[in-house]
Every structure is written in structure tokens, then in C-alpha cells.
Amino acid sequence: MSEIPAELQKRKSFYKEWVEPFLIAAVVALFIRQFIVEAFKIPSGSMIPTLTIGDHLLVNKFVYGPRIPFTDSRIFTWKEPKRGDIIVFKYPENETKNFIKRVVGLPGDKIEIKNGKLFINDQPISVADQGVYKGDDQGVSSPYYPKPRLLEEQLGTVRHQILYLHDQSGYDFGPILVPKDSVFVMGDNRDNSQDSRVWGFVNENKILGKALIIYWSWDGDGRWVRWERIGSLIR
């Protein structure tokens, strides 16, 4: 038998040492991104104080069930969205964009805001005033912005903070019923969020995943890196 030419041996060796591991790593990375976890960044202030501009998060794409690539169908359903979950989803009015909001209403829920107070199924949602918000990510240092109020809200088993820029007395919404296979979402920055109050419900098959953890955060100005936010679990 004839020997394999030295040049061909070099090419095979290069392929095994460099190309093959790279291809395997790329396939694994694509698999993880498609089915398990994906990185997203926060471009707006609609989720302040929970999430702020410059936060980079990892989103669990498996928690509600893996999706069939390039479709809105799931291979199987693992869990249903829960009240209080922070989800990433396709924006209903432009599905090329991804939005992030908090689940407030589940299928069959009656959602209503009366005199500024949120009701779900005719039950008022518990809210405790935490005083003036002192963060610097809501324009609070500007004389042109009112001082936002920080409140703690209880949605299901999730206790989290929300912001109000204005007095809510006199503000009413609904009542509306959340349809089957849909959720009603709101931003935690309640006066600075385009959400289900504006453009309606989110179909469950448009949900991409649940926000998991902040892996990087920076403001590009002043302090630059927000070290205290890195590694924070998102609730």
C-alpha cells in the first residue's frame, strides 16, 4: 500500500486539532442558544428598578419547553408561565423585536385597575410604599422629572419592586379577561412602560424564555461597570 503524502497528513492533523473542535464547539453553542439559554440586553427603562438600561441577562429558554427551530411551536411544554415571572417574548406589533416584561395575568384572569390600584379576579394586589426612589437611572436627578415612588408588590409568590412617576388616583383600566393561551404583562416601571395595557396580550407560544440572571451590567458613563448587579438572580 502506498503511504499517505506528508501534505495530506498535515491537513488531516490540522482538521482534527483545530477545525473539528471548532465545529463541535459551534454546534454545541448553537444548541445551547436555541434550546437552553440565550443572552439578552436591556435597551430601555421599562423594567426599572428590577432591570435597568445596560443590564445583560441570561434567559432560560427551556423552562417553558424547548421550541422547534424557526417556528413558534414547542416540542413539549415543561412549565406554564406563572404570575410574577419576567419573560422575554416576541413583541406582538413587530415580531422581529424582543420585549421583556413581568407576567401579571394568566389565562382566564380578570384584570382591572381601579383608582390606580391593580385587581386580579376582583382581589386587590398587595402593595407597600417604600418611599422615594433614589436610583440614578430614572432621571431622578433632573428637575424636569418628578421623584418616582418605590413600592413593593406581591404577585403570586413573587415579591418585587415597582415604580410610579405620578399619583395614580383617578387612573382606571379594564376590566378585561385574559384569553386562553395568553398572558397579560406589565413593566415594573409602571408609568414608563408600553405593555399589555397598550398593545394587548402575549400569546404563550411567542414567549422565548424566562429571565434568569444578570451576567454583566454597565452604564457607559460615570461608574461604567455596575459590579454590584453582576450575578444577581432576577425575580
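Residues numbered from 1 in each chain as written. Predicted model: local features only at pLDDT ≥ 70, side-chain atom pairs only at ≥ 80, totals over all residues. Heavy atoms only, no water.

1. Examining the pattern of salt bridges
- Overall, the coordinates contain 11 salt bridges when judged by the stated rule.
- Here D55 ties to R229 by a salt bridge, and the two come within 2.7 Å at their closest N and O atoms. Highlighted residues: D55 in strand β2 (residues 55–60) and R229 in the segment after β14 (207–217), separated in sequence by 174 residues.
- Across the pair R83 and D109 runs a salt bridge whose closest N-O atoms are separated by 2.4 Å. Of this pair, R83 sits in the loop between β2 and β3 (86–90) while D109 sits in the loop between β4 (98–105) and β5 (110–114), and the two are 26 residues apart along the sequence.
- Accessibility expressed as a relative area gives 6% for D109, which makes it buried.
- A single network of salt bridges, built from pairs that share partners, joins D55, R226 and R229. (Salt bridge = Lys/Arg side-chain N within 4 Å of Asp/Glu carboxyl O. Helix = DSSP H or I, 4+ residues; strand = E, 2+ residues; numbered from the N terminus. Buried < 20%, exposed > 50% of the residue type's maximum accessible area, 1.4 Å probe, protein only.)

2. Some words on the nonpolar core
- One finds L51, L57, I86, V88, I100, A211 and I234 to be the most contacted residues of the largest nonpolar core, which totals 13 residues.
- Those elements giving two or more residues to this core turn out to be β2, β3 and β14.
- Residue contributions to this core peak at 3 residues, all from β14.
- Counting residues in hydrophobic clusters, the runner-up holds 12 residues, among them V63, I87, Y91 and V183. (Core = buried A, V, L, I, M, F, W, Y, C linked by side-chain atoms within 4.5 Å.)

3. Notes on the sheet that holds strand β10 (residues 158–164)
- Pairing within the open sheet is antiparallel, and its 3 strands lie in the order β8-β9-β10. The open sheet terminates on both sides in strands that have one partner only, identified here as β8 (127–132) and β10. Sheet twist, expressed as the average angle between the axes of neighbouring strands with direction ignored, equals 25 degrees.
- Bridge count between β8 and strand β9 (residues 149–155): 4 bridges; the pairing is antiparallel. Across the sheet, A128 pairs through a bridge with E152, a residue of β9. (Pairing = 2+ DSSP bridges. Axes fitted to C-alpha atoms, helices over the stretch in contact; angles between N-to-C directions.)

4. A short note on the pairing of β10
- Taking burial as the measure, the 7 residues of β10 include 5 buried ones, the bulk of the element.
- In the sheet, β9 pairs with β10 via 7 bridges, with the strands oriented antiparallel. Its bridge partner being in β10, L150 is matched across the sheet by L163.
- Joining the antiparallel neighbours β9 and β10 is a turn of 2 residues, in which G156 adopts a positive phi near 60 degrees.

5. As for unusual backbone geometry
- Each neighbour pair has its own omega, and for I48 with P49 the value is 10 degrees, a cis peptide bond.
- Among the structural elements, P49 can be located in the loop between β1 (37–41) and β2.
- Along the chain, G174 connects to P175 via a cis peptide bond; the corresponding omega equals 10 degrees.
- Within the secondary structure, P175 sits in strand β11 (residues 173–177).
- Phi is positive for N121, which is not a glycine, with a value near 55 degrees.
- As for its placement among the helices and strands, N121 is situated in the loop between β6 (117–120) and β7 (123–124).
- On the accessibility criterion, N121 (35% relative accessible area) is partly exposed.

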